[in-house]
Amino acid sequence: VQLVESGGGLVQPGRSLRLSCAASGFTFSRYGMRWYRQAPGKERELVAFISRDGGTTYYDDSVKGRFTNSRDNNKNTVYLQMNSLKPEDTAVYYCNAYSRPYDYWGQGIQVTVSS
């Protein structure tokens, strides 16, 4: 089982990034997918969720209206489009696949928002 995040990096405030998470080793379409993030000195927090068929999404209030979660079950990939980025979005972002009792995590990718 693998979840591999990509698309992170350093970006100026107000700009955009798109994270991707490529899944392998399990039936991707049977898993709800989540994005978490962890900033230095803080606990890991849930940022966004998308259901197995993509029909249901959830966003934390801190990113609502700026981030969009989507998935392509044909490509076994989930995306997080991040617009209007703020310095407080700086964190390591993790992709998570969950279908009880299975819970898989990516290795995380750094996103830094700074001028």
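Residues numbered from 1 in each chain as written. Predicted model: local features only at pLDDT ≥ 70, side-chain atom pairs only at ≥ 80, totals over all residues. Heavy atoms only, no water.

A. Quick look at the state of the cysteines. Using the criterion set out here, one finds 1 disulfide in the structure. Through a disulfide, Cys21 is tied to Cys95; the S-S separation comes to 2.1 Å. Looking down the S-S bond of the Cys21 and Cys95 bridge, the torsion is -80 degrees, so its handedness is left-handed. One end of the pair, Cys21, is in strand β3 (residues 17-24); the other, Cys95, is in strand β9 (residues 91-99), and 74 residues separate them in sequence. Like Cys95, Cys21 is buried. (Disulfide = S-S within 2.5 Å. Helix = DSSP H or I, 4+ residues; strand = E, 2+ residues; numbered from the N terminus. Buried < 20%, exposed > 50% of the residue type's maximum accessible area, 1.4 Å probe, protein only.)

B. Focus on unusual backbone geometry. In the segment running from Arg100 into Pro101, the intervening peptide bond is cis, with an omega of 5 degrees. Residue position: Pro101 is located in the loop between β9 and β10 (102-105). Despite not being glycine, Asn76 has its phi angle at roughly 55 degrees, a positive value. Note on placement: Asn76 falls in the loop between β7 (67-72) and β8 (77-82). Its relative accessible area of 27% is what places Asn76 among the partly exposed residues. Backbone geometry at Ser84 places phi at a positive 50 degrees, although glycine is not the residue there. Inspection of the secondary structure assignment puts Ser84 in the loop between β8 and β9.

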